[in-house]
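In case you want the letters, here they are:
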Amino acid sequence: MRSHEAGAVHARAGDRGPTWLRTPEDPNELVSHLWASSVSKVDGVLTVAGESAIDLAEEFGTPTYVVDEDDFRRRARAFKEAFPAADVYYAGKAFLCVATARWVADEGLSLDVCTGGELAVALKAEFPAARIGMHGNNKSVAELRRALEVGVGRIIIDSVEEIARLRELTAELGVTASVLIRVTVGVEAHTHEYISTSHEDQKFGFSIAGGDALDAVRRVLAEPGLELRGLHSHIGSQIFVTDGFDVAARRILGVHAEVEKVFGVVLPELDLGGGFGIAYTTQDDPSTPADLASGMLKIVNDECAALGVRVPHLSIEPGRAIAGPSTFTLYEVGTTKSVSLDGGVFRRYVSVDGGMSDNIRPALYGADYSCTLASRTSDAPAVLSRVVGKHCESGDIVVKDEFLPDDVAAGDLLAVPGTGAYCRSLASNYNHVPRAAVVAVREGEARVIVRRETEDDLLALDIG
Ligand code: LLP
């Protein structure tokens, strides 16, 4: 067992936080690259696309996820422009609602869904079905049937059972299913174990090492109702070093070439997945889509040349890199506390009105975030603080280490950047806390795109 975050780990005298955390000269200042492009401070108040955090909190309450719509769209477009010859599938698991599905459609991207629920949202948004890819390691017959009935463009096969399910469904419905096969390339991506997906000992895909990938290809090619478009590889999430992509691309292209040699079939497509990291704090240094594109396309072109195969039509699946930086979460401070540690050192705890129900990532992955005082400027000195939520758990941490002005107090607003991906989509009702609203801001106009849950919503499910 690891020691609990609230226990021995930080009970060190003179603790000034992790080594990467710099002591700011002015704790009011924004580290601008962590925020959506239209966010700035105007007279000390956080402002997004012309809307002040104070007005947003007044109108919509807190906690609220605030999305800079143009920033989201711009990041989607940047991937499209960086990979002009590829299909860019926005990974809806990062954050999908009707509005974001429409933005993605408008910007010309395709959409990756991984459950029937995500597919339902896409269909409600009238997302063109032919531009939807269906993922999932345990797709049910009902989910596959719906996908085929509405005409999703492709299904990414993850198991032998799925091949049999698709055989029966395509025969029953009289359709052909375009499919890709998810391949485990055996790469250890340098990310948290829970979000690393292509080392051997995990649930996704067919492994190259065990020969399962080629066996899956053989099985799919034998099915008249299935049209094999290509192979798929996704090595994990929040990845910065391109070495992982490099090895993965080489390995999957090796299988791609082997399919041609063994079965005489030229696969027209190849999907390299998503996983591109973003900056949550100053310790993260992400690549731009343009840099990713030049690196990845060079690897693919060189490897295809070396293997003597035609370069397949590529697709990628970024989620976090589009949604993540577009959004901050706005909280109101409720209580503060100084807790005495060893050696006369104190830790300041600042409690906000949300927590692990709106952002489980610190508790689940040990993820680091940053934050700023959003409602005013302060002349008080910066003190190392821990921002925590209102849930009944000591591990309910929102921002583990941040320098905040010493006078932060009840009623102040705090904003946490980088919460657009895997926060609302992973939100829960723990402690019967209603899930927070999502508000989109564009050109000085703010509108709710996912409304706040109410206690009535919670009680409506509880039928006694
Ligand atoms: N494609 C596939 C097949 C995936 O499984 C994923 C993410 C993506 C694309 C998008 O990855 P992205 O570009 O967003 O990193 N809840 C975790 C992340 C789980 C990712 C699951 N799959 C977190 O909060 O970090």
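**Comments concerning the site of the ligand**
Alright, step 1. In the neighbourhood of the ligand, 20 residues make up the surrounding shell, with Ser237, Glu317, Arg361, Tyr365 and Tyr422 lying closest.
Alright, step 2. At 2.9 Å, a backbone N or O of glycine 319 approaches an oxygen atom of the ligand.
Alright, step 3. Contact distances for the ligand include 2.7 Å between a nitrogen atom and a side-chain N or O atom of tyrosine 365.
Alright, step 4. Contact with the protein chains covers 92% of the free accessible surface of the ligand, which is 580 Å².
Alright, step 5. Among the residues forming the shell around the ligand, the class breakdown is seven nonpolar, seven polar and six charged.
Alright, step 6. A domain split of the shell around the ligand shows at least three residues from each of domain 1 (32-68 + 325-460) and domain 2 (83-323).

**Re the side chain of serine 178**
Alright, step 1. As for its placement among the helices and strands, serine 178 is situated in strand β9 (residues 177-184).
Alright, step 2. Contact partners of serine 178, with chain neighbours within four places excluded, come to Gly153, Arg154, Ile155, Glu227 and Arg229.

**Let's talk about the domain arrangement of the protein chain**
Alright, step 1. Segmenting the protein chain into domains produces domain 1 (32-68 + 325-460) and domain 2 (83-323).
Alright, step 2. A separation of 33 Å is found between the C-alpha centroids of domain 1 and domain 2.
Alright, step 3. With 23 residues of domain 1 at the interface, the matching set in domain 2 holds 20 residues.
Alright, step 4. In total, about 1900 Å² of surface goes out of reach between domain 1 and domain 2, with carbon and sulfur atoms giving 65% of it.
Alright, step 5. It is Pro325, Tyr365 and Tyr422 in domain 1 that bury the most area against domain 2; as a group they hold 29% of the surface buried on that side.
Alright, step 6. Where domain 1 touches domain 2, the interface holds zero salt bridges.

Conventions and cut-offs
Residues numbered from 1 in each chain as written. Predicted model: local features only at pLDDT ≥ 70, side-chain atom pairs only at ≥ 80, totals over all residues. Heavy atoms only, no water. Near = heavy atom within 4 Å. Polar contact = N/O pair within 3.5 Å; in protein donor to acceptor, adjacent residues only side chain to side chain. Areas by Shrake-Rupley, 256 points an atom, 1.4 Å probe, with all protein chains shown as cover. Nonpolar A, V, L, I, M, F, W, Y, C, P; charged D, E, K, R; others polar. Domains from an automatic or database assignment. Helix = DSSP H or I, 4+ residues; strand = E, 2+ residues; numbered from the N terminus. Contact = heavy atoms within 4.5 Å. Buried area = accessible area lost by both parts, 1.4 Å probe. Salt bridge = Lys/Arg side-chain N within 4 Å of Asp/Glu carboxyl O.

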